[in-house]
Amino acid sequence: MAFAQLDALVSEVVLECTFYGVYVVLFILYIVLWRRNKRFGGLLTLAQILLFGLCTLSLFFDIAANYLVAQAILGVPGDRVAALAKLGVGSSVLFTVVDSLAHVILLYRCWIIWDKRWAVVAIPGFLVLAALGIGFALARLSTPHTGSDSDSEAYVHICRSMGAARHSVSLVVNAFTTSLIMTKIFLTPRVVGSSPIFNSHWPLRVVPAMLIESGFLMFAYQLAFTVLFWIGDPAFNIMGGPIPQIYGIAPTLLSIRVAMGSAHNKTTVGTLSLRFSHPAGGAATPTTGLSTASAAGRQSRGINTEFGDDSNSEGAAGNAV
């Protein structure tokens, strides 16, 4: 029994450290791209730095808590109850803030590609605040205090119910945001119509964009995480450790695509244009060409501005969905 518990602790730490290693590589890549071109970034970069710091702190909290639990399993003498309780509250607060910050970054992305329509992000934005409030209330309720209430069945039931509510509301926000971004990316190329030149390569361009830019990785992991929590599966404890790192990786992948000028924003719409060339000594002859507003924007300005927003996108407004 003790060996199985230790194995679960080690598996959780290894899994979380592995995801954190991936996160570190992606974060460094984002910082390198940001330093090369500081025309994008601003609040986005500050949010990414804050998110990385919080995820790093969460990793330290989890390793410390698992170390104390391992000592207790091995029978090492010492009183670790108070320390574990404080680490648990700290991890709960960090998880709540990381969850909210990651969703705010994705909501900002959603707001940009939906032409800054506040109505689109109103409901998920309200749910983010609700999840934040539930998370802080749960952390306050879990704060160590005197008395026997913390050991009662009613107390445990309340804490578990609030935890389930927090995870469920967060999952709904994730589902809202992911579906809105994927829908927008899916619909945008359709403006082109039935151009065979454009549609022939549509899946190769749009499907990766839909998966990366919508935060689908975060949604898929959180869905599995929430289901395991609801059914009380022991695997929940193993998957719970890496989830802050997943919340950091998904927005960072999106930010890297924006930094590289590959993001699918509201100006990335294919346009079939009719133009006239004037050969020397000849009459004007019509030629057709397929172009994208995003490609033209990158050629004329170098790279997209902050998080896919484009200050010169008004000229392509007619092409936007």
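Bear in mind that the values here come from a model prediction, so they are computed numbers and not experimental data. (Residues numbered from 1 in each chain as written. Predicted model: local features only at pLDDT ≥ 70, side-chain atom pairs only at ≥ 80, totals over all residues. Heavy atoms only, no water.)

Caption draft 1: Region of the structure containing the overall build of the chain. Check the secondary structure of the chain and you find eleven helices and two strands. When the helices and strands of the chain are read in sequence order from the N terminus, they spell out α-α-α-α-α-α-α-α-α-α-β-β-α. Considering the chain as a whole, with its 321 residues, one finds that 45% of them fall into the buried category. Considering only intrachain contacts with a sequence separation of at least 6, the fraction spanning at least 24 residues in the chain is 75%. Here the chain displays about 15800 Å² of accessible surface, and carbon together with sulfur accounts for 70% of that area. (Helix = DSSP H or I, 4+ residues; strand = E, 2+ residues; numbered from the N terminus. Buried < 20%, exposed > 50% of the residue type's maximum accessible area, 1.4 Å probe, protein only. Contact = heavy atoms within 4.5 Å. Areas by Shrake-Rupley, 256 points an atom, 1.4 Å probe, with all protein chains shown as cover.)

Caption draft 2: Representation of the packing of aromatic side chains within the structure. Evaluated as defined, the whole model comprises nine aromatic pairs. Note on tyrosine 20 and phenylalanine 52: the rings are 6.0 Å apart at their centroids and 20° apart in plane angle, and the pair reads as stacked. With tyrosine 20 in helix α1 (residues 2–36) and phenylalanine 52 in helix α2 (residues 43–74), this residue pair connects regions lying 32 residues apart in the sequence. When sorted by exposure, tyrosine 20 lands in the same class as phenylalanine 52, which is buried. Arranged with centres 4.2 Å apart and planes meeting at 5°, the rings of phenylalanine 27 and phenylalanine 52 form a pair that is stacked. Residue phenylalanine 27 is located in helix α1, and its partner phenylalanine 52 is located in helix α2; the two are separated by 25 residues in the primary sequence. (Phe/Tyr/Trp six-rings, centres within 6.5 Å; stacked < 30°, edge-to-face > 60°.)

Caption draft 3: Seen up close, a nonpolar patch on the surface. A surface patch of nonpolar side chains, amounting to about 410 Å² of accessible area, comprises Leu223, Val227, Trp230 and Ile231. With respect to the helices and strands, valine 227 occurs in helix α8 (residues 216–231). When its relative accessible area of 43% is taken as the criterion, valine 227 is described as partly exposed. (Patch = residues over 30% accessible without salt bridge, like charges linked within 9 Å, V, L, I, M, F, W, Y side chains within 5 Å. Salt bridge = Lys/Arg side-chain N within 4 Å of Asp/Glu carboxyl O.)

Caption draft 4: Broad picture of the environment of methionine 239. Within the secondary structure layout, methionine 239 lies in helix α9 (residues 235–240). Residues methionine 239 and leucine 228, spaced eleven residues apart in sequence, show a C-alpha to C-alpha distance of 8.9 Å. Residues within four places of methionine 239 in sequence aside, it is in contact with Tyr221, Ala224, Phe225 and Leu228.

Caption draft 5: Looking closely at the pattern of salt bridges. By the definition in use, this model includes one salt bridge. The closest approach of N and O atoms between arginine 117 and aspartate 115, which form a salt bridge, is 3.6 Å. On the basis of relative accessible area, aspartate 115 is assigned to the partly exposed category, the value being 24%.

Caption draft 6: Structural detail: unusual backbone geometry. Its identity as a non-glycine residue notwithstanding, aspartate 115 has a phi of 60°, on the positive side. With respect to the secondary-structure elements, aspartate 115 resides in the loop between α3 (81–113) and α4 (118–141). Of note in this structure, lysine 116 is not a glycine but carries a positive phi near 60°. Within the element layout of this structure, lysine 116 appears in the loop between α3 and α4. A residue is classified by how much of its surface remains accessible, and lysine 116, at 34% relative accessible area, is partly exposed.

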